[in-house]
Amino acid sequence: MERTNEQIAMSASRFTICIAVLLTGLKFTAGIIGNSTAMIADALHSFSDAYTTVVVMIGVKMSNKKADKEHPYGHERFECVAAIILSVVLIFTGAGIGWAGLQQILSGEYAEAEIPGIIALVAAITTIVVMGLLYIYKRNVAKKINSGALLADAWHHLSDSLSSIGTFIGILGARLGFPILDPLAAVLICLFIFKVAYDIFRDAVGKMTDKSCDEEMESKIKEIILAQENVKGIDLLKTRIFGNRVYVEVEISVDGTYPLYEAHEIAHKVHDELENRLTDIKHCSVHVNPV
């Protein structure tokens, strides 16, 4: 029996939560034993992977509910809500990490700090590899089921991987005699997290404010419409993104001498072809203009 998109998303999310929790424990332990501020900050970032994935799971669960009286157009936008919550959590996470590193730099405490141990370097390398692979896995799942919230979570995993590169550089620099690089790496991690949070927030808001599809999608829609028999042209095409789905409104030109029944059949054919061939389309409205 083929799994639904919701089941695929939940399975992927549960797997990534387990990995994130294990990495959080590894990095926090390595940060304490290895005397690395950057690694402890990175551990908090990994922990944020776990609780933001829970938010994504809730969003995916809600978005897959069937339409009801209060939400006749469905619940797809709940994924966008989950993505916005995720971006806000990322901002607070990044701010906490950056503030801790900045305080250490301004106070000059880094000069007296102990040199980070080799275990911190090992933990950083492990995170870079594991979270990089996790990003690829989650991104592929997100694209397969067209889930914006899941894709946002995949970017969160990538931010963990890339921030660990900064952590690695900071720890290595501290071991080579440049202790300021350790808290400086924490500040750089903060800035990267802010960038990821902004991108996630902008994408989610766009999907909640009836943003149109990209040119590639609209070109596919036009191609399918014009390929239908007796369609003379397209007078108007409007698209809007609704969560992870798309609504289409189109006005087509048809020979004005056709009876109403035939014109209706042409419109119905366009409607069916669009919804059957482009699975992202949730609903298509077709209006006929006589030539």
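Everything in this summary refers to the structure shown in the same document. (Residues numbered from 1 in each chain as written. Predicted model: local features only at pLDDT ≥ 70, side-chain atom pairs only at ≥ 80, totals over all residues. Heavy atoms only, no water.)

Below, the discussion takes up the overall build of the chain. The number of helices and strands found in the chain is eight helices and three strands. Reading the helices (α) and strands (β) of the chain from amino to carboxyl end gives α-α-α-α-α-α-α-β-β-α-β. Computed over the C-alpha atoms, the radius of gyration of the chain is 25 Å, more than 25% above the 19 Å expected from 2.2 N^0.38 for a compact globule of 291 residues. In the chain, which comprises 291 residues, the share counted as buried stands at 46%. Of all intrachain contacts in the chain linking residues separated by at least 6 positions in sequence, the fraction that spans at least 24 positions is 73%. Charged side chains of the chain number 26 positive and 33 negative; the gap between the two group centres comes to 3 Å. (Helix = DSSP H or I, 4+ residues; strand = E, 2+ residues; numbered from the N terminus. Rg over C-alpha atoms; globule rule 2.2 N^0.38 Å. Buried < 20%, exposed > 50% of the residue type's maximum accessible area, 1.4 Å probe, protein only. Contact = heavy atoms within 4.5 Å. Lys, Arg positive; Asp, Glu negative; His and termini not counted. Charge placed at Lys NZ, Arg CZ, Asp CG, Glu CD.)

Mapped onto the elements, Ser87 comes out in helix α3 (residues 78–107). We classify Ser87 as buried; its relative accessible area is 1%. When sequence neighbours within four positions are dropped, the list of residues in contact with Ser87 reads Ala197, Ile200 and Phe201.

Our focus in this paragraph is the pattern of salt bridges. This model, assessed by the stated rule, comprises six salt bridges. For Lys138, the salt bridge is made with Asp153, and the minimal N-O distance between the two is 2.6 Å. Note that Lys138 is positioned in helix α4 (residues 118–145) and Asp153 in helix α5 (residues 148–175), a separation of 15 residues in sequence. Relative accessible area serves as the criterion here: at 0%, Asp153 is assigned to the buried category. With a closest N to O distance of 4.0 Å, Glu216 and Lys220 form a salt bridge. Of this pair, Glu216 and Lys220 both sit in helix α7 (residues 215–226), four residues apart, roughly one helical turn. When its relative accessible area of 39% is taken as the criterion, Lys220 is described as partly exposed. Each of Lys195, Asp199 and Arg202 takes part in salt bridges that share partners, so that together they form one network. (Salt bridge = Lys/Arg side-chain N within 4 Å of Asp/Glu carboxyl O.)

It is worth spelling out the pairing of strand β3 (residues 281–290) at this point. Here strand β2 (residues 245–254) runs beside β3; their pairing, made up of nine bridges, is parallel. What sits directly across from Val254, in β3, is Pro290. One crossover worth recording links β2 to the parallel β3 by way of helix α8 (residues 260–277), and it is right-handed. (Pairing = 2+ DSSP bridges. Right-handed = clockwise from strand over helix to strand, strands pointing away.)

Before going further, it helps to spend a moment on unusual backbone geometry. The backbone of Asn230 shows a phi angle near 75°, a positive value even though the residue is not glycine. With respect to the helices and strands, Asn230 occurs in the loop between α7 and β1 (233–242). According to the relative accessible area criterion, Asn230 is partly exposed, its value standing at 32%.

Pairing analysis gives nine bridges linking β1 to β2, with the strands arranged antiparallel. Directly across from Leu236, in β2, lies its bridge partner Glu251. With antiparallel pairing between neighbouring strands as the criterion, β1 and β2 make up a hairpin whose turn holds two residues, including Gly243 at a positive phi of roughly 65°.

Val56, Leu90, Ile97, Leu150 and Ile200 are the most contacted members of the largest nonpolar core, which has 27 residues in total. Listing elements by their share of this core, those giving two or more residues are α1 (5–33), α2 (37–63), α3, α4, α5 and α6 (181–208). Of the residues forming this core, the biggest block, seven residues, is contributed by α6. For Leu90, the residues in contact, after removing those within four places along its chain, are His45, His156, Ile193, Val196, Ala197 and Ile200. Formed by 21 residues, the second largest nonpolar core is a distinct cluster that contains Val250, Ile252, Val254 and Val270. (Core = buried A, V, L, I, M, F, W, Y, C linked by side-chain atoms within 4.5 Å.)

Below, the discussion takes up the sheet that holds β1. Strand order in the open sheet formed by three strands is β1-β2-β3, and the pairing between neighbours is mixed. With partners counted over all chains shown, the strands left at the sheet margins are β1 and β3, one partner each. Taking each pair of neighbouring strands and ignoring which way they run, the sheet shows an average axis angle of 10°. With respect to the sheet, α7 is in contact with β1, β2 and β3, its orientation differing from that of β1 by roughly 140°. (Axes fitted to C-alpha atoms, helices over the stretch in contact; angles between N-to-C directions.)

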